[in-house]
Amino acid sequence: MNATVIGSQFGDEGKGRMTDIFGEGADVVVRFQGGNNAGHTITVGGEEYALRLVPSGVVRGKTGVVGNGCVVGLDTLFTEIDALRERGLDPDVLVSDRAHVVLPYHRVLDDVEEAARDEETTAVGTTGNGIGPAYADKAGRHGIRVGELLDAEALRTRLEHVVSRKRAYVEAAYDVETGDEFDVEGLFEEFRAYGRRLDREGLVVDASSFLAEREDAAVLFEGAQGTHLDRDHGGYPFVTSSNPTAGGAVVGSGVPPQAVADGEIIGVVKAYLSRVGAGPMPTEFEGEVAAEIRERAGEFGTVTGRPRRIGWLDLPMLRHAARVNGFTAITLSHLDVLAGLDELVVCDAYELDGERVETVPSSPDEWTRCEPRFERFETWDDRDWIAVAEGGYGALPENARAYAEYVADELDVPIYALGVGPGREATIVRENPLVQGRERELEA
Ligand code: GDP
Ligand code: IMO
Ligand code: MG
């Protein structure tokens, strides 16, 4: 039995902390897309871990695989591994030889491309980590893969072919002076050093074979970003450059579709919306309540520190996510953050040009013109949420349960876990498929 954790909104739904919960019963946790644009927070007993590339399962001592679908910033990867070691953990991390490498010139390209976009209309508000340009190079066959870092000759050949063309392009198209980021010799030295370290520590594997050889292992696939940032199924062009949806777990790890489809596909839902970066968000609101939510939940980008935009829960977005991913269950987090608000609403449908619309249109202009139709909900008071978590689902305030059940009914899926605070201990777990599901499988 495997399970897949998917962001169902605009990222930062709490995938890291739910991966930590469902990772209890996993042997291997696989990141299958994205790079260090992600920031996944796990809080255990007051200790906070903010991971960008290392799979969240390593905090529980599980093997973490960075799959072929990822783009790897090696400086971040090693900084993270070293920081975890300094904190007394022994992170067991492996990287696919087929994953692509983010090079310094990808960051330059990310910056100049973003600066050239119009702030009001076309800016994406990327994290500036070179993610888009690295995926563009992968698709354009200019990319360099992790496996090539282990082979000096292959690396040099690739760099010599690619770097001069990148430099010429950036200088001509953006009229900027280029520096060390485009220096073949410097890049060769830097990335050969990464290659030597990867080799010395035995971090590089053929991840597909590694997973296939462990056919009895329970694998948890950890999505980054979210469905509405997916380059195919999200609000293009205000998206990231990978596929955070469930199909991405197949392609991005080298497992057969059954490895994902025969298991659970769990949509991680935040009880309201947050978005960092540009693009449509029909239920966005500003003012005191938004500021309160932002402060209470620390809604500032883990990677960039930017304040996150805030909106009400949007069911058309969730219906779209449930459909493209095939959610078999969801989790609902941040219920504590909504406590004590004067008003609480959920968008159950949009109105577009006088028509009721229940899912997300493909055109960003149309999505922007969608007017949310709101359902009103009774609120609940703030309380000792750790005690609530200890008491289980029945200890949740009745109105919070009504809110959760409304969402579950609309999507026609069960809720496996609810978050009433950032910590592992502030989680109500109703079903942990890799733990209880496995026990049932063994009994049967
Ligand atoms: P991810 O990118 O989906 O892993 O989410 P992030 O870690 O970037 O953002 C989620 C933030 O909300 C983190 O600061 C978490 O510690 C925090 N968080 C997660 N679940 C809950 C919850 O149920 N309640 C509260 N108050 N905070 C939560
Ligand atoms: P996690 O995994 C929230 C957003 C950026 C920007 C767009 C494109 O922590 O949920 P990119 O740098 O990927 O080219 O930026 O995507 N974005 C995220 N927003 N959470 C993330 O990851 C994100 N990763 C990228 O803000 O709007
Ligand atoms: Mg995040």
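These numbers were taken from a predicted model, which means no experiment stands behind them.

Asks: Please provide a residue-by-residue account of the pattern of salt bridges, values included.
Replies: For the structure on display, the rule yields 29 salt bridges. R197 is paired through a salt bridge with D82; the nearest N and O atoms lie 2.8 Å apart. Of this pair, R197 sits in helix 6 (residues 184-200) while D82 sits in helix 2 (residues 74-86), and the two are 115 residues apart along the sequence. Residue class for D82 comes out partly exposed when judged on its relative accessible area of 29%. Residues E201 and R85 are paired through a salt bridge, measuring 3.2 Å at the closest nitrogen-oxygen approach. Pair noted here: E201 is in the loop between helix 6 and strand 9 (204-205) and R85 is in helix 2, with a separation of 116 residues, a long-range link. On the basis of relative accessibility, which here comes to 28%, the residue E201 falls in the partly exposed class. On the basis of relative accessible area, R85 is assigned to the partly exposed category, the value being 36%. Residues joined in a network through salt bridges with shared partners are D12, K270, E299 and R308.

Asks: Can you explain the site of ligand 1? Please cite residues and give values.
Replies: Every one of the 19 residues lining ligand 1 counts as a neighbour, but K15, G39, T41, H334 and D336 are closest to it. Interatomic distance of 2.7 Å between a backbone N/O atom of H334 and an oxygen atom of ligand 1. Expressed as a share of its isolated accessible area of 580 Å², the protein-covered part of ligand 1 is 93%. Among the detected pockets, ligand 1 sits in the second largest pocket. Contributing elements (two or more residues each) for the shell around ligand 1: helix 1 (15-22) and strand 3 (40-44). Examining the composition of the shell around ligand 1, we find that three residues originate from one element, helix 1, more than from any other. Of the residues belonging to the shell around ligand 1, the class tally is three nonpolar, 10 polar and six charged.

Asks: Give a description of the coordination of the magnesium ion (ligand 3) that names residues and reports values.
Replies: The magnesium ion (ligand 3) binds to the protein through D12 (OD) and G39 (O), with metal-donor distances spanning 2.0 to 2.2 Å. Of this pair, D12 sits in the loop between strand 1 (3-7) and helix 1 while G39 sits in the loop between strand 2 (28-31) and strand 3, placing them 27 residues apart in sequence.

Asks: An account of empty space enclosed by the protein is needed here, citing residue identities and associated values.
Replies: By the definition in use, this model includes one cavity of 30 Å³ or more. Size it by volume and the largest cavity reaches roughly 30 Å³. Elements supplying a minimum of two residues to the lining of the largest cavity: helix 1 and strand 3. Of the residues contributing to the lining of the largest cavity, the split by class is three nonpolar, three polar and three charged.

Asks: Describe the site of ligand 2, naming the residues involved and giving the relevant values.
Replies: What surrounds ligand 2 is a group of 20 residues, the closest being K15, H40, T127, T240 and V276. A distance of 2.8 Å is found between an oxygen atom of ligand 2 and a backbone nitrogen or oxygen belonging to V276. One of the side-chain N or O atoms of R306 is found 3.1 Å from an oxygen atom in ligand 2. Within the complex, 97% of the 550 Å² of free accessible area of ligand 2 lies under protein.

Asks: Kindly report on the side chain of R319, identifying the contributing residues and their values.
Replies: On the secondary structure map, R319 appears in helix 11 (residues 315-325). Assessed through its relative accessible area of 16%, R319 is described here as buried. When neighbours within four sequence positions are excluded, R319 is seen to be in contact with D348, E358, E410 and L411.

Asks: Please set out the packing of aromatic side chains residue by residue, giving values where relevant.
Replies: Counted according to the given criterion, the structure contains nine aromatic pairs. Here the aromatic rings of F78 and Y194 are separated by 5.8 Å at their centres, their planes lie at 25°, and the arrangement is stacked. Here Y194 lies in helix 6 and F78 lies in helix 2, a separation of 116 residues in the sequence. Taken as a pair, F78 and Y194 share a single burial class, namely buried. Seen in terms of ring centroids, W380 and Y403 are 5.6 Å apart; in terms of plane orientation they differ by 65°. Their pairing is edge-to-face.

Definitions and limits used
Residues numbered from 1 in each chain as written. Chains lettered and ligands numbered in written order. Predicted model: local features only at pLDDT ≥ 70, side-chain atom pairs only at ≥ 80, totals over all residues. Heavy atoms only, no water. Salt bridge = Lys/Arg side-chain N within 4 Å of Asp/Glu carboxyl O. Helix = DSSP H or I, 4+ residues; strand = E, 2+ residues; numbered from the N terminus. Buried < 20%, exposed > 50% of the residue type's maximum accessible area, 1.4 Å probe, protein only. Near = heavy atom within 4 Å. Polar contact = N/O pair within 3.5 Å; in protein donor to acceptor, adjacent residues only side chain to side chain. Areas by Shrake-Rupley, 256 points an atom, 1.4 Å probe, with all protein chains shown as cover. 1 Å grid on protein atoms, 1.4 Å probe; cavity = no way out; pocket = protein on both sides within 12 Å on 5 of 7 lines; lining within 4 Å. Sits in = over half its atoms within 2 Å of the grid points. Nonpolar A, V, L, I, M, F, W, Y, C, P; charged D, E, K, R; others polar. Donors = N, O, S within 2.8 Å, 3.2 Å for Na, K, Ca; no water. Points joined across faces, edges and corners; volume = space filled by probe spheres on them. Contact = heavy atoms within 4.5 Å. Phe/Tyr/Trp six-rings, centres within 6.5 Å; stacked < 30°, edge-to-face > 60°.

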